[in-house]
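Now for the letters of each chain:
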Amino acid sequence: MKDTPKHQGLRKKLINQLIEKGIRSKEILTVINKIPRHFFIDKDFESHAYIDKAFPIGSEQTISQPYTVAFQTSLLELKENEKVLEIGTGSGYQTAILIELKAKVYTIERQHHLFRKAKKNLPLLGYYPEIIKYGDGYLGLKEHAPFDKILITAGAVEIPKKLLLQLKIGGVMIIPVGNNTQKMTHVLRTGENKYQKKIFGEFSFVPMLKNKN
Ligand code: SAH
């Protein structure tokens, strides 16, 4: 795989679109500009990589739209070395963004095909998650909890209780909640049994699926 001047030019254009759509974080724009998104989708479709849209990655899943990735990442307000649990590894693109931003990433994917691909691809590109796990994101990773941040990249009908309990006090979860469309929800854990919720607009995600159905 090559990252040519043409790809780099297309990435610059994408960055300008993200700025126009309201993404302000210099750090996030810099890493989106750096990471070749076309390395995360099928080679035959690489021309789609720099269009601001979600795109199929197999197993009926999609790589999230760049704007959505940038928006969710902004809401996380990451600091260096924070422990982040990501649910829905998918292509691994969002994982790479988090690692570039110096997070320690624990990521879970329930589609075996996508899990295998991301597990192979990420290290080839120089990205090393702490853990990349094949399993059910609803369960989280209790043995590695608590997390500073939890990022869900699939639409959940409700906020999974088990995941809330794996958040540090003072930690933040970003989760799209809803059926057909989802409300981007920011949850701050303020105490042992206390959470504050804020909503940040409507989005459209593939569903966060339970077990193997
Ligand atoms: N961050 C990914 C987004 C992929 S779409 C990317 O940008 O490529 C959402 C992903 O969540 C899909 O890969 C889907 O298989 C996965 N997913 C859905 N339900 C899940 C669950 N319960 N546990 C873990 N992953 C899940």
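In the block above lies the structure referred to throughout.
Summarised in this report is the structure supplied together with it.

What counts, and where the lines are drawn
Residues numbered from 1 in each chain as written. Predicted model: local features only at pLDDT ≥ 70, side-chain atom pairs only at ≥ 80, totals over all residues. Heavy atoms only, no water. Pairing = 2+ DSSP bridges. Helix = DSSP H or I, 4+ residues; strand = E, 2+ residues; numbered from the N terminus. Axes fitted to C-alpha atoms, helices over the stretch in contact; angles between N-to-C directions. Near = heavy atom within 4 Å. Polar contact = N/O pair within 3.5 Å; in protein donor to acceptor, adjacent residues only side chain to side chain.

Ordered by their spatial adjacency, seven strands build an open sheet running S5-S4-S3-S6-S7-S8-S9, and the pairing between neighbours is mixed. Only two strands of the sheet have a single partner each, and these edge strands are strand S5 (131–134) and strand S9 (194–203). When the angles between neighbouring strand axes are averaged without regard to direction, this sheet yields 15°. Sheet topology places strand S6 (residues 147–152) next to strand S7 (residues 167–177); four bridges connect them, and they run parallel. Bridge pairing in S7 links Leu 151 to Ile 174.

Our next topic: the site of the ligand. The local shell around the ligand holds 26 residues, among which Thr 62, Ser 91, Glu 109, Gly 137 and Leu 209 are the closest. Residue Asp 136 places a side-chain N or O atom 3.1 Å away from a nitrogen atom belonging to the ligand. For the ligand, a nitrogen atom lies 2.6 Å from a polar atom in the backbone of Leu 209. Elements represented by at least two residues in the shell around the ligand include exactly strand S2 (61–63), strand S3 (83–87) and strand S4 (104–109). Top contributing element to the shell around the ligand by residue count: S2, with three residues.

As far as function goes, none of this settles anything; it's purely spatial.
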